[in-house]
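What follows is each chain in one-letter form.
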Amino acid sequence: MSEIIYGIHAVKALLERDPQRFLDVYIMKGRDDRRLHELVVELEANGIVIQVANRQWLDEAAEGAVHQGIVARVQEGRQLQENDLEGLLEQHPAPFLLVLDGITDPHNLGACLRSADAAGVHAVIVPRDRSAQLNATAKKVASGAAETVPLIRVTNLARTLRMLKEHNVWIVGTAGEADHHLYQSKLTGPLALVMGAEGEGMRRLTREHCNELIGIPMAGSVSSLNVSVAAGVCLFEAVRQRQLS
Ligand SMILES: C[S@@+](CC[C@H](N)C(=O)[O-])C[C@H]1O[C@@H](n2cnc3c(N)ncnc32)[C@H](O)[C@@H]1O
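Residues numbered from 1 in each chain as written. Predicted model: local features only at pLDDT ≥ 70, side-chain atom pairs only at ≥ 80, totals over all residues. Heavy atoms only, no water.

**Thoughts on the sheet that holds strand β2 (residues 22–28)**
Working step 1: Strand order in this open sheet of 4 strands is β1-β4-β2-β3, and the pairing throughout is mixed. Each end of this open sheet is capped by a strand with a single partner; those strands are β1 (2–6) and β3 (50–53). This sheet shows a mean twist of 25° between the axes of neighbouring strands, independent of strand direction.
Working step 2: As judged from the 5 bridges shared by β2 and strand β4 (residues 70–75), these two strands associate in the antiparallel manner. Across the sheet, the residue bridging to D24 is R73, located in β4.
Working step 3: Strand contacts of helix α1 (residues 8–17): β1, β2 and β4, with the helix running at about 125° to β1, the strand carrying the most contacts.
Working step 4: The strands touched by helix α2 (residues 34–45) are β2, β3 and β4; relative to β2, the strand with the most contacts, the crossing angle is about 150°. (Pairing = 2+ DSSP bridges. Helix = DSSP H or I, 4+ residues; strand = E, 2+ residues; numbered from the N terminus. Axes fitted to C-alpha atoms, helices over the stretch in contact; angles between N-to-C directions. Contact = heavy atoms within 4.5 Å.)

Shown next as C-alpha cells:
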C-alpha cells in the first residue's frame with residue numbers, strides 16, 4: 001500500500017527517518033526555491049530519483065492543497081496498534097500522552113501532532129471511528145510530526161482510558177467551563193491530556209473517565225479556543241511543570 005505526502009517539511013521528515021519508504025518523488029517544473037533545491041539534493045544523495053511534473057499534475061496529486069512544489073508517493077509506514085500501548089507505557093517511567101476525543105478536521109489533527117512532537121509527547125491516542133484521518137492534509141500541517149509521533153487508533157476510548165488509569169496514568173480532561181484552572185493543576189508524572197471535539201467538546205463517557213477537568217482561563221469574549229491552540233497551551237504548561245519537577 002502506498003500513500004501521498006507533500007510539502008517540504010513532510011518530505012524532509014520522512015527522508016530523515018525512513019528514506020526506504022520513498023517510491024516516486026515529483027517536483028514542480030520551473031519552481032525556483034532554495035529549500036526545495038536543498039531537499040532535492042538530499043533526496044538524490046539517498047539514491048531517490050526525482051521526476052519533474054507540471055503544476056497542474058502536482059495540484060491534483062495534492063488534491064488542491066499547498067504542496068510547495070513537491071509531492072511524493074511513499075510506502076505506508078507501520079502504525080502503532082492498540083495492543084502496542086501497554087509496551088509503550090512500560091518503556092516510559094512517566095508517559096506523556098495526548099488523547100483527541102473525536103477531532104474531525106485534518107488541519108486540527110495535524111496541528112495537534114505538530115505540537116505533540118514539539119512537547120515530547122510519547123503517543124497521540126484517537127478513537128478509531130471518530131477521528132480525522134491522517135491524510136495528506138493532516139501530514140502537511142503536522143510538518144513532519146506525523147512521522148515522529150505515534151498515532152494510536154483505539155476501538156473503545158473509554159476502555160483505553162480505564163487501562164491507562166490501571167497503569168497509574170493521571171487522566172486530565174480539558175473544557176472551557178472546568179472548575180480547575182490549567183495553571184493550578186498538577187501535570188507532572190504519568191499523564192494523559194484529553195482534548196475534545198471541535199463542536200461538542202469531550203463526550204460524556206470520556207469526561208467521566210477523567211480524574212480531573214481543567215480549563216484555560218479566557219479573558220475575552222469568545223467562549224473557547226480552537227482545539228489545536230488549546231492543546232498547545234496545555235501541553236506546554238505540562239512541559240514547563242515536568243521540566244521543573
Ligand atoms: C472548540 S472547543 C469545544 C467547545 C465546546 N463547545 C465545549 O463546550 O467544550 C474544542 C476543545 O478545545 C479545548 N478547549 C478549547 N477552549 C478551551 C479552554 N478555554 N479550556 C480548556 N480547553 C479548551 C477542549 O478540549 C475542547 O473540548
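**A closer look at helix α5 (residues 106–119)**
Think of an α-helix as 3.6 residues a turn; residues three or four steps apart then line up on the same face.
Working step 1: End to end, α5 covers 20 Å across 14 residues, agreeing with the expected 20 Å (1.5 Å per residue, within 8%).
Working step 2: Summarising burial for α5: 10 of the 14 residues are buried, a large majority.
Working step 3: The complete set of buried residues in α5 reads P106, N108, L109, G110, A111, C112, L113, S115, A116 and A119.
Working step 4: Close packing links the buried residues of α5 with β5 (96–101), β6 (123–127), α6 (136–142), β7 (151–154) and α9 (227–244).
Working step 5: A positive phi of about 80° marks G120, the residue just after α5. (Expected span 1.5 Å × (residues − 1). Buried < 20%, exposed > 50% of the residue type's maximum accessible area, 1.4 Å probe, protein only.)

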